[in-house]
Amino acid sequence: MRTHLSSLLVLGLLACTGARTSAVSEPAASHARTPLPFIEDDYPRALAEAKSRGLPLFVDTWAPWCHTCRSMRAFVFTDEALARHAGRFVWLELNTDLPSNALFQEKYPVEFWPTFFIIDPREEKALVRFAGSATVPQLEKLFEDGERAYSGAAQGPEALLARGDALYGEGKSAEAADVLAQALAEAPADWSRRGRALESTLTAQYGAKRLEACARTALAELPKVPHSASWANAAVLGLSCALQVPEEGTADAQALRESLEAKAREALSPDIAMPGDDRSGVYDVLVQARQAAKDEVGAKALAGQWLTFLEGEAARAPTPEQRTVFDSHRIGAALLLGDPMRVVPAIEQSEKDLPDDYNPPARLANLYRRLGRLDDALAASTRALSKVQGGRRLRVLSERADIHLARGEKDAAVSTLEEAIAYAKTLSEAQASPRMVAALEKKLADTKSK
């Protein structure tokens, strides 16, 4: 999918596997080749520069575990077409795994990864908060919208879009959803911002937990948007919402899901140009739809197509950084097929190619455990722990406890979970939420009772 939804941020394999340490270089995740002059992990410096230059501040909040973030960094932010925009903003990238960036997250909450903010430095007010991936043309529209909001020049539907963006930037998802829906209703049929506005509306509705409204908005508005990456993103967002709409109290919940599933299947059409990671996200949500329909045969067939697609994308990727974008989804598809060994060589190669990246050894620890290679799993976990801090460290420790249990080492599992809980309590709630701590505490209690 275009974003890594916050509903996935539990102690699981695909959502989180670790974080970078500030002492370790991580070329795989850097903006080393971007034509945009990003400041790394220094909000006060970027804010001061934006104030002194009289420019809005563009912020890319990302995480090394987030495949969509890495896709943006490997395929989009490296595009030389962005060079002409370098002077429009002060540019900042923030790794949300790093404890040093927790204060920014407390001020500007991140629900989805990646999230792009455009901030007015005069008031430290978020003018735009846009969640998910974007192509270069989509980014360019976002730049224009941010500048209009900064200058106060927006009028008509654009003014409503700017207002909705600002409300969402303030964390007011429900109010943002209302204003953005109004923008869609009042805009002319050929409005050039309709696709972008639809994506933002659906994201705000999801954030406000208006799942049925999100699904119905997608179904109603998709015919008004040309086939494009925005259309595909909206179809997948709509289906994601529909899959969470309860049957009880919704007369046509099944029909709603089926209609949006058909739209999402259209998003796989080759006539829609989108990044490989976004196309992979379409497969991901379609598999979820088949599972929700209790169609295991259909889910497995889709998973096979998904993995074949991912293997092809990885084979065509010219750099290790671009190839590893597909690692987490390759693991997910392989596990759905019951064939984890199919992806082990690729993840082992990623660790060789990117020795400073914690993700490959953390993923290998999980795969090796599933394959019964417990010594290898523990060694891989140790390698990941040597590189990880912040909230992602909790995931690595949780997985390490599972390895100890598989080895019959209950005391070591208990000690590892206690270490995770103690570390979590040193972190900001922006990086270790009460829900995450509660999950670790429950796991510890369950482990002690075994």
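Not measured: the values here are computed from a predicted model. (Residues numbered from 1 in each chain as written. Predicted model: local features only at pLDDT ≥ 70, side-chain atom pairs only at ≥ 80, totals over all residues. Heavy atoms only, no water.)

Participant: Looking at this model, I keep getting lost on the pattern of salt bridges. Mind explaining?
Facilitator: Pairing between side chains of opposite charge can happen when the charged atoms of each approach one another. Counting across every chain of the model gives 38 salt bridges. Glu351 is paired through a salt bridge with Arg383; the nearest N and O atoms lie 2.6 Å apart. Of this pair, Glu351 sits in helix α15 (residues 344–353) while Arg383 sits in helix α17 (residues 374–385); the two residues are 32 residues apart in sequence, bridging distant segments of the chain. On the accessibility criterion, Arg383 (30% relative accessible area) is partly exposed. Overlapping salt bridges bring together Glu144, Asp145, Arg148, Asp165, Arg193 and Arg196 as one network. (Salt bridge = Lys/Arg side-chain N within 4 Å of Asp/Glu carboxyl O. Helix = DSSP H or I, 4+ residues; strand = E, 2+ residues; numbered from the N terminus. Buried < 20%, exposed > 50% of the residue type's maximum accessible area, 1.4 Å probe, protein only.)

Participant: I'm lost on the pairing of strand β5 (residues 125–131) in this one. Help?
Facilitator: Remark: a regular strand shows side chains that alternate across the two faces of the sheet. Extensive coverage of β5 is indicated by the burial of six of its seven residues. Inspection of the sheet shows strand β4 (residues 115–120) paired to β5 by six bridges, in the antiparallel sense. Considered in β5, the bridge of Thr115 is made with Ala131. Here β4 folds back onto β5 in antiparallel fashion, the turn holding four residues, of which Glu124 has a positive phi close to 50 degrees. (Pairing = 2+ DSSP bridges.)

Participant: Explanation requested: α15 in the structure shown.
Facilitator: One full turn of an α-helix is made of 3.6 residues, so residues set three or four places apart face in the same direction. Within the sequence span of α15, burial applies to Val344, Ala346, Ile347, Ser350 and Glu351. Buried residues of α15, seen end-on, are gathered within an arc of 165 degrees and therefore sit on one face of the element. If you follow the buried residues of α15, they end up packed against α13 (320–324), α14 (327–336), α16 (359–370) and α17. (Arc of directions from axis to C-beta. Contact = heavy atoms within 4.5 Å.)

Participant: Whenever I open this one, the state of the cysteines confuses me. Can you help?
Facilitator: Evaluated as defined, the whole model comprises two disulfides. Residue Cys66 pairs covalently with Cys69 via a disulfide, S to S 2.5 Å. Given an S-S torsion of about 85 degrees, the disulfide between Cys66 and Cys69 has right-handed geometry. Under the relative-accessibility criterion, Cys66 is labelled buried at 0%. Given a relative accessible area of 1%, Cys69 falls into the buried group. The cystine pairing of the chain, numbering bonded cysteines in sequence order, is 1-2, 3-4. (Disulfide = S-S within 2.5 Å.)

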